[in-house]
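This is what each chain is made of:
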Amino acid sequence: MDKREFLKTSGAIVAGSVISRFSAGQQQPAPRQNWSGNITYSADRVYTPASVDDVQDVVKRCDKLRALGSRHSFNTIADSKMNQVSLQHLDSIDINDKAKTVTVGAGIKYGQLAPVITARGYALHNLASLPHISVAGAIATATHGSGIHNGNLATAVSGLEIVTADGKTIHVTRDANEAQFPGAVVGLGALGVVTRVTLNLQPTYEMAQSVYRNLSFDHLKDHFDDIFGLGYSVSLFTDWQNHRATQVWVKRRLGPDVKNDWAPEIFGAKLATEKLHPIEGHAADACTEQQGIPGPWYERLPHFKMNFTPSSGRELQTEYFVPRNRGYEAILAVEKLRDRITPHLFVTELRTIAADNLWMSMAYQRDSLAIHFTWKPEWPEVRQILPLIEEQLAPFGPRPHWAKLFTVPPARLQAQYARLAEFKGLLQSYDPGGKFRNEFLNANLYAS
Ligand SMILES: Cc1cc2nc3c(=O)[nH]c(=O)nc-3n(C[C@H](O)[C@H](O)[C@H](O)COP(=O)(O)OP(=O)(O)OC[C@H]3O[C@@H](n4cnc5c(N)ncnc54)[C@H](O)[C@@H]3O)c2cc1C
């Protein structure tokens, strides 16, 4: 890892140390960007409270405010023209052995949390492709990993502590607030500032992953679920050329019934004999161990290691969720645009996500296939391609990832969320003056 990459990897920490020198209300000296550098935040103040009491003070003091996580979103969902609040100093970890839950400070990152709970014999059910993201930021946008039976990361939440617009702290739990809870978890940063999150734990487990090369899309026609069910978590990567997945990443949860042996060939795809990066030609040092080497769950579920730059670095991302049972058709529909897509693409990843009941989740009541694009940083070209992909996917009712780039018109987006009216009702009761509303929410949830 060269110096530039190291600085990029530790960008949140570097930015954090700058931010924390400024007390509440003081100006930031330099423009601040998201992780990828494609968004420059327009807020001129970032608060970095050290306690929930401080968060309450900040919320009372500001007319307009957005919470900021680890800055990994690719659009303006976390932006504010006025004030942002970073919870990076709220990183406590409290394990409740009786309830089998952990309550964390909202600024903690999965990569910080995972080793601590593992040392106490616990694990989470899933992780995203990278461990660098904050828990509160991830659940706010329904961030997900893969696995036919795995819900997104927000489905592990059993309770939230939120500072609402009036500066009061409320608790919303799955058991005590059955009616509101499914609306509050994937909150898009709009309900208030989440200060603590309670997550369900399960006993810790070991995993192993292997990569297969060159799987023809023809096999997906009749074996879609078999292929995505080859492991606990499965990802297919493609450049959209030659009607095939360039790589199939299979992550198995090891146990008495699951042996760590790997067939040399599955559906015509060959077991890789060397460690691979999903983007062909990129060095694989940043990737978690492959080739069936066993290791803890948190070092196999993500594709990328905590202390390295995940993915490519300078890049853009887009992702659409479609019904899993129409996944093959949707892939064929996008494939028609292959010669438009490939020149601007680093790689596409295909993953599955189990249906859930969280109102604003992209997998709300729909077992899903997520079709993801890691683009080169070529926004003028990518911006032209997105409407074409969205048109191809229109028959499948695509739901774009809340944290990534899309051009779906607001009315079409809103039509994808059956509980949107109730979600807006929840926002009205938590934040009647629109303190936490920003332009992203106005444009996507409120404009027609
Ligand atoms: C390299 C890379 C790989 C990625 N891989 C995946 C992946 O595998 N799966 C996937 O689904 N996504 C993935 N993403 C997207 C990422 O998971 C989302 O952008 C996620 O929301 C980032 O969390 P964050 O902590 O950076 O939050 P931010 O981007 O900082 O904020 C996201 C949202 O969370 C809100 N928020 C943050 N903290 C709080 C809080 N305390 N209270 C209330 N609201 C809050 C913000 O207001 C904003 O609306 C990836 C992104 C990158 C850069």
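Residues numbered from 1 in each chain as written. Predicted model: local features only at pLDDT ≥ 70, side-chain atom pairs only at ≥ 80, totals over all residues. Heavy atoms only, no water.

1. Quick word on empty space enclosed by the protein
All chains considered together, the criterion is met by 1 cavity of 30 Å³ or more. Estimates place the volume of the largest cavity at around 40 Å³. Together, Asn126, Leu127, Ala128, Ser129, Gly145, Ser146, Ser233, Ser235, Leu301, His303 and Arg351 line the largest cavity. Split into classes, the residues belonging to the lining of the largest cavity amount to 3 nonpolar, 7 polar and 1 charged. (1 Å grid on protein atoms, 1.4 Å probe; cavity = no way out; pocket = protein on both sides within 12 Å on 5 of 7 lines; lining within 4 Å. Points joined across faces, edges and corners; volume = space filled by probe spheres on them. Nonpolar A, V, L, I, M, F, W, Y, C, P; charged D, E, K, R; others polar.)

2. Some thoughts on the sheet that holds strand E8 (residues 169-173)
The 5 strands lie next to each other as E4-E5-E9-E7-E8, forming an open sheet whose pairing is antiparallel. The outermost strands of the open sheet, each flanked by one partner alone, are strand E4 (93-96) and E8. Across the sheet, the mean angle from the axis of one strand to that of its neighbour is 15°, orientation sign disregarded. Sheet topology note: the strand E7 (residues 157-163)/E8 ladder contains 5 bridges and is antiparallel. Within E8, the position partnered with Leu160 by the bridge is Val172. (Pairing = 2+ DSSP bridges. Helix = DSSP H or I, 4+ residues; strand = E, 2+ residues; numbered from the N terminus. Axes fitted to C-alpha atoms, helices over the stretch in contact; angles between N-to-C directions.)

3. Overview of the side chain of Asn152
As for its position among the elements, Asn152 is in the loop between helix H5 (135-140) and E7. Using a relative accessible area of 1% as the deciding quantity, one classes Asn152 as buried. Within polar-contact distance, the side chain of Asn152 engages the side chain of Asp356 at 3.1 Å. Ignoring any residue separated from it by four or fewer positions in sequence, one finds Asn152 in contact with His125, Ala142, Thr143, His144, Ile353, Asp356, Leu358 and Ser361. (Buried < 20%, exposed > 50% of the residue type's maximum accessible area, 1.4 Å probe, protein only. Polar contact = N/O pair within 3.5 Å; in protein donor to acceptor, adjacent residues only side chain to side chain. Contact = heavy atoms within 4.5 Å.)

4. Description of the site of the ligand
Taken together, 39 residues lie around the ligand, and Ala67, His72, Ser73, Ser134 and His401 are the ones closest in. Take Ser129: an N or O atom from its main chain is 2.8 Å from an oxygen atom of the ligand. The contact in question runs from a nitrogen atom of the ligand to an N or O atom on the backbone of His144, over 2.8 Å. For the ligand, whose accessible area on its own is 970 Å², the fraction buried by protein is 99%. Residue assignment for the shell around the ligand shows that the elements contributing at least two residues are strand E2 (66-68), H5 and strand E9 (193-200). A per-element tally of the shell around the ligand places H5 first, with 4 residues. Residue classes in the shell around the ligand are distributed as 19 nonpolar, 15 polar and 5 charged. (Near = heavy atom within 4 Å. Areas by Shrake-Rupley, 256 points an atom, 1.4 Å probe, with all protein chains shown as cover.)

5. A closer look at the sheet that holds strand E1 (residues 45-47)
Ordered in space as E1-E3-E2, the 3 strands form an open sheet in which the pairing is parallel. Of all the strands in the sheet, the pair left with one neighbour each is E1 and E2. Strand after strand, the sheet turns through a mean of 35° between neighbouring axes, direction not considered. Note: E2 against strand E3 (residues 83-86), 3 bridges, orientation parallel. Bridging from a neighbouring strand, Arg66 pairs with Gln84 of E3.

6. Section: unusual backbone geometry
Of note in the backbone geometry, Lys100 takes a positive phi value of approximately 55° without being a glycine. In this structure, Lys100 sits in the loop between E4 and strand E5 (101-105). With a relative accessible area of 41%, Lys100 lands in the partly exposed category. Here Leu188, not a glycine, exhibits a phi torsion of approximately 55°, which is positive.

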